[in-house]
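Structural description and commentary
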Amino acid sequence: MITDIELVSQFSSELGDDYASAKSYVRDIPTQALVFVRSFTHKLAILIAEQHQLEFSGPNLYDRIEQLNQRRLLDVTAIRTMHKLRGDGNRGAHPEKYHLTQAQLVALAEKSIKQIVTLVVKLYPVLHFTPVPAYQFVAFDSIAGRDLCYRAMMQNDHHAQYLVAMSLKAQALMAQEQSNVTAFDADTSRDLQTTHDEVQRLFAQAAYWFAQAAPFEDVALYEHGVSLLHGYAESGQVKQGELLIAQAAKAGITDAQALLGYFYLVGSAEFTVDVEQAKLLLQQAADAENIEAMSNLGVLYYQQHDHQQALLWMSKAAESGYPQSQYHLALLLAEGENIDADKSRFWMQEAAAQGQLDAMLHCATEILHNDNAQATELEQAERYLHDVIKYGHNVTAMIELSVALADGMLNRIDVVQSAYLLQQAKHYGNDIQRQVIEPLWQSLLMQIDSVIALNPSAEELASLQQAKTLLQ
């Protein structure tokens, strides 16, 4: 009986290499595993197209999968799986933007690997016209990370140094995301400081290894530039970082082209606004499927009042699973000549489901102000508001949730939590927001006093007094 790696290699030797690499990185460097998952999906689309003499109209993976779908070269289940693998690969590039922890990222990578095997089993008879060989799935292990560290340190392997740095960077970004979470429990302040120190340590280590690999690998040169730009190890090196990014862009690194295009779009420390240069670079990166470049290209066209091109590129980014673009596409479809209320609502809900904070707040607010909202919708609205508060320290969300809990809009009244949220809103809010908070503050105090006057039970009285203390 063969192993799952041997099965995929028999299906296609080139795909087998990507699969073996992806599986080896799952436990130690899940971000790198998901890079190979996306590469696998690209090559699978090409393999199926070549079998049927199909020429793709462009390089975008979403479009390629849809062309396979339109030609009915794969069934609906296979198409959906390929889109799922494509989306998971995108999440691996920016796990912090999806609020993923390291454990969740590992789970995502493991799930993607198993989806690949299922897809290969399904397509094996289609490609080879023979039954699927008997195989056994071999459990994941944690060897790749230790091997990379050995090669990076002991053998001065520059690609290994780059991969180690990418792993450290991903861990740092996810830890940073967690450290930015609002501490509702004062006792967690020491833990947050510990997390902050760990974030700085991880960033500094990533910066060191990027610097070691940068003279030898263009992609590491780009990441070294980013580390200087954002001060992973030390601050004050913004211009030097931007120049290294420009150097990597000239060498053809897609992410560098996307970022340099953004610099030219909005201006930066080293680069002044140059819309034509921005368009050229963003187009290059967008054609190579950089999602942020697609999104920014859409913004550029929107600023030039070319709404059709703006809609095209924002749609491509949204369809590629980028929640920020899904949110902006929803806004674009809610205004002007592009109005499509149903599509706007769909993309707003998609963005919210993927953790885009503005979309979550928008959807939660809509639910709370819908008199016919179902219990499950209200539960979702509360979850969204909690996440927006936790990850964004958003004062509007604090106010919305406070009012909902005080007025019973969530099918219960919780004056303690309502009072605490108003207290937090007052702490984080600006002068204008505090003007909104003040009447709510006084109204909640009056509500508490009126309930206390009704001689509540001892337990209820204790809660009311706790809430009143918070508002003193």
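Structure first, text after, so check above.
Residues numbered from 1 in each chain as written. Predicted model: local features only at pLDDT ≥ 70, side-chain atom pairs only at ≥ 80, totals over all residues. Heavy atoms only, no water.

1. Considerations on the overall build of the chain
Tallying secondary structure elements over the chain gives 23 helices and two strands in all. Radius of gyration (C-alpha) of the chain: 25 Å, near the 23 Å computed for a compact globule of 472 residues. Dimensions of the chain along its principal axes, counting C-alpha atoms only, are 80 × 55 × 50 Å. Taking all 472 residues of the chain together, the buried fraction comes to 49%. Only carbon and sulfur atoms are counted for the fraction: they give 51% of the accessible area of the chain, which is about 22800 Å². The distance from the centre of the 32 positive side-chain charges to the centre of the 57 negative ones in the chain is 4 Å. (Helix = DSSP H or I, 4+ residues; strand = E, 2+ residues; numbered from the N terminus. Rg over C-alpha atoms; globule rule 2.2 N^0.38 Å. Buried < 20%, exposed > 50% of the residue type's maximum accessible area, 1.4 Å probe, protein only. Areas by Shrake-Rupley, 256 points an atom, 1.4 Å probe, with all protein chains shown as cover. Lys, Arg positive; Asp, Glu negative; His and termini not counted. Charge placed at Lys NZ, Arg CZ, Asp CG, Glu CD.)

2. As for a nonpolar patch on the surface
A surface patch of nonpolar side chains, about 380 Å² in accessible area, is lined by Y150, M153 and M154. Turning to its location among the elements, Y150 is positioned in helix α7 (residues 144-154). Given a relative accessible area of 46%, Y150 falls into the partly exposed group. (Patch = residues over 30% accessible without salt bridge, like charges linked within 9 Å, V, L, I, M, F, W, Y side chains within 5 Å. Salt bridge = Lys/Arg side-chain N within 4 Å of Asp/Glu carboxyl O.)

3. Considerations on the packing of aromatic side chains
Enumeration according to the criterion identifies nine aromatic pairs in this entry. Between F263 and F271 the ring centres are 6.2 Å apart and the planes differ by 10°, which places this aromatic pair in the stacked class. Since its relative accessible area comes to 6%, F263 is described here as buried. Grouped by ring-pair contacts, the aromatic residues F263, Y264 and F271 constitute a single cluster. Stacked on the ring of F137, the Lys or Arg K23 has its end atom at 4.0 Å from the ring centre. (Phe/Tyr/Trp six-rings, centres within 6.5 Å; stacked < 30°, edge-to-face > 60°. Lys NZ or Arg CZ within 6 Å of the ring centre and 35° of its normal.)

4. Section: the pattern of salt bridges
A full pass over the atoms with the stated rule returns 15 salt bridges. D4 serves as the salt-bridge partner of K23, at 2.7 Å between the closest nitrogen and oxygen. In this pair, K23 sits in helix α2 (residues 13-25) while D4 sits in helix α1 (residues 4-11), placing the two residues 19 residues apart along the sequence. Judged by its relative accessible area of 7%, K23 falls in the buried class. Several salt bridges share partner residues, and in doing so they unite E14, D18 and K43 into one network.

5. With respect to helix α21 (residues 415-428)
Compared with an ideal rise of 1.5 Å per residue, which puts 14 residues at 20 Å, α21 spans 20 Å between its outermost C-alpha atoms and is within 8% of the ideal. Every buried residue belonging to α21 is among V415, V416, S418, A419, Y420, L421, L422, Q424 and A425, and all of these are buried. Those residues of α21 hidden inside the fold are in contact with α19 (375-392), α20 (395-407), α22 (431-452) and α23 (458-470). (Expected span 1.5 Å × (residues − 1). Contact = heavy atoms within 4.5 Å.)

6. What about the environment of H305?
Here H305 lies in the loop between α14 (291-303) and α15 (307-319). The exposure class assigned to H305 is exposed, which follows from its relative accessible area of 68%. Measuring from C-alpha to C-alpha, the distance between H305 and Q136 comes to 56 Å, with 169 residues separating the pair along the chain.

7. Regarding the side chain of T81
Along the polypeptide, T81 turns up in helix α5 (residues 76-93). Overall, T81 belongs to the buried group, its relative accessible area being 18%. At 2.9 Å, the side chain of T81 and the backbone oxygen of T77 are in polar contact. For T81, the residues in contact, after removing those within four places along its chain, are Q115 and L119. (Polar contact = N/O pair within 3.5 Å; in protein donor to acceptor, adjacent residues only side chain to side chain.)

8. As for the packing of α15 against helix α16 (residues 323-332)
With their axes 8 Å apart at the nearest point, α15 and α16 run at an angle of 145° to one another. Taken as a pair, α15 and α16 cross one another with a handedness that is left-handed. Taken together, the residues of α16 that come into contact with α15 (itself represented by A310, L311, M314, S315, A317 and A318) are S325, Q326, H328, L329 and L332. Counted by class, the contact of α15 with α16 contains seven nonpolar, four polar and no charged residues. (Axes fitted to C-alpha atoms, helices over the stretch in contact; angles between N-to-C directions. Left-handed = near helix turned anticlockwise from the far one by under 90°. Nonpolar A, V, L, I, M, F, W, Y, C, P; charged D, E, K, R; others polar.)

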